[in-house]
Amino acid sequence: MSTDAHRTAKGPVAGFLDNPVVGMAPWIIFSLLVGPGRFELAVGLALAAAVTLIAVGHLVDRGSTWKLLELADVVFFASMAVIGALVDEATLRWLETYAGEVANIALAVIALGSMAVRMPFTLQYAREQVDPSLWHTRGFLRTNYMITGSWGIAFLVAAAAGAYGDLVLHNPNNIWTGWIIQILAIVAAVKFTVWYPDVARARAGREAAGLPPEPTRWAGFLVPLAGLLVPIGIAVLIFDNMWWLGAALIVLGSLLTKTLQARSHTPGTEAG
């Protein structure tokens, strides 16, 4: 059975929930929302998302297996909720400031640790999207190591940015360290998760046909990131004092997007 046929047989809702990006939604919600005065809101929404995803996932697909990330979601955010309800005001203020970095580091440890024990966490999601005959193939395993690694790196970047804003700038709501860098890192991981499997399948198809590999077309991955420079530039114009940087980002984003779109449709222009 092909990958597409396997997904169709499971149904659209089950197929959607089998995407690892969906499994990381509670962490993304929490890391982007948490901050001074928002700890309870961030924990509550993240925990509600984690429980809902598990309940709906097992309701629409009775054969769905329990996944490492699902269990980590519930354990982590339930623990945070209990801790937040029991600690004193000073500790709660500390959590509001640093819980984002704690969550980002926790997920990075889960991602990189799962790779270290030869079970990248995206593998559990990917196996429910493809036929079992593909589970142990080199391309399938390599794809999951690459995607899991991209998430580990993304959350390390987000943790480092948040820590710099908190510890060095003493400003958890700094537009760059608290928002732009962290959002870019997560969006890059989301895009890589969607983009790379198509690259891997195309490569495997050429290998099966005895054809030489083609250069990787990185423009397909970079176009959405370049496009983000425009709204980032607008945000900088509105919320930061460096108007010239905002204008430069808008121009750069527009030019890069057009250039990369042209390259993505021109054969033989990229190497990887």
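Scroll up a little and you will see the structure.
Because the structure is predicted, anything quoted here is derived from the model rather than measured.

Student: Can you break down helix 5 (residues 39–60) residue by residue, with the values?
Tutor: The end-to-end C-alpha distance of helix 5, which contains 22 residues, comes to 32 Å, matching closely the 32 Å that a straight helix rising 1.5 Å per residue would cover. Burial in helix 5 covers these residues: Phe39, Ala42, Val43, Ala46, Ala49, Ala50, Ile54, Gly57 and His58. Down the axis of helix 5, the buried side of the element spans an arc of 140°, and every buried residue falls inside it.

Student: Give a description of unusual backbone geometry that names residues and reports values.
Tutor: Of note, Arg118 is a non-glycine position whose phi angle comes to about 65°, a positive value. Relative to the helices and strands, Arg118 resides in the loop between helix 7 (89–116) and helix 8 (122–126). The exposed category is assigned to Arg118, whose relative accessible area is 68%. Non-glycine residue His170 carries a positive phi angle of around 55°.

Student: Break down the packing of helix 10 (residues 175–208) against helix 11 (residues 219–239) for me, citing the residues and quoting the values.
Tutor: Put simply, helix 10 and helix 11 touch, their axes get as near as 10 Å, and they point 160° apart. What the angle tells us is that helix 10 and helix 11 run roughly antiparallel. Between helix 10 and helix 11 the crossing geometry is right-handed. On the side of helix 10, the interface is formed by Ile175, Trp176, Ile180, Leu184, Val187, Ala188, Lys191, Phe192 and Trp195, while helix 11 contributes Gly220, Phe221, Pro224, Leu225, Leu228, Ile232, Ala235, Val236 and Phe239.

Definitions and cut-offs
Residues numbered from 1 in each chain as written. Predicted model: local features only at pLDDT ≥ 70, side-chain atom pairs only at ≥ 80, totals over all residues. Heavy atoms only, no water. Helix = DSSP H or I, 4+ residues; strand = E, 2+ residues; numbered from the N terminus. Expected span 1.5 Å × (residues − 1). Buried < 20%, exposed > 50% of the residue type's maximum accessible area, 1.4 Å probe, protein only. Arc of directions from axis to C-beta. Axes fitted to C-alpha atoms, helices over the stretch in contact; angles between N-to-C directions. Parallel < 35°, antiparallel > 145°, perpendicular 65-115°, else oblique. Left-handed = near helix turned anticlockwise from the far one by under 90°. Contact = heavy atoms within 4.5 Å.

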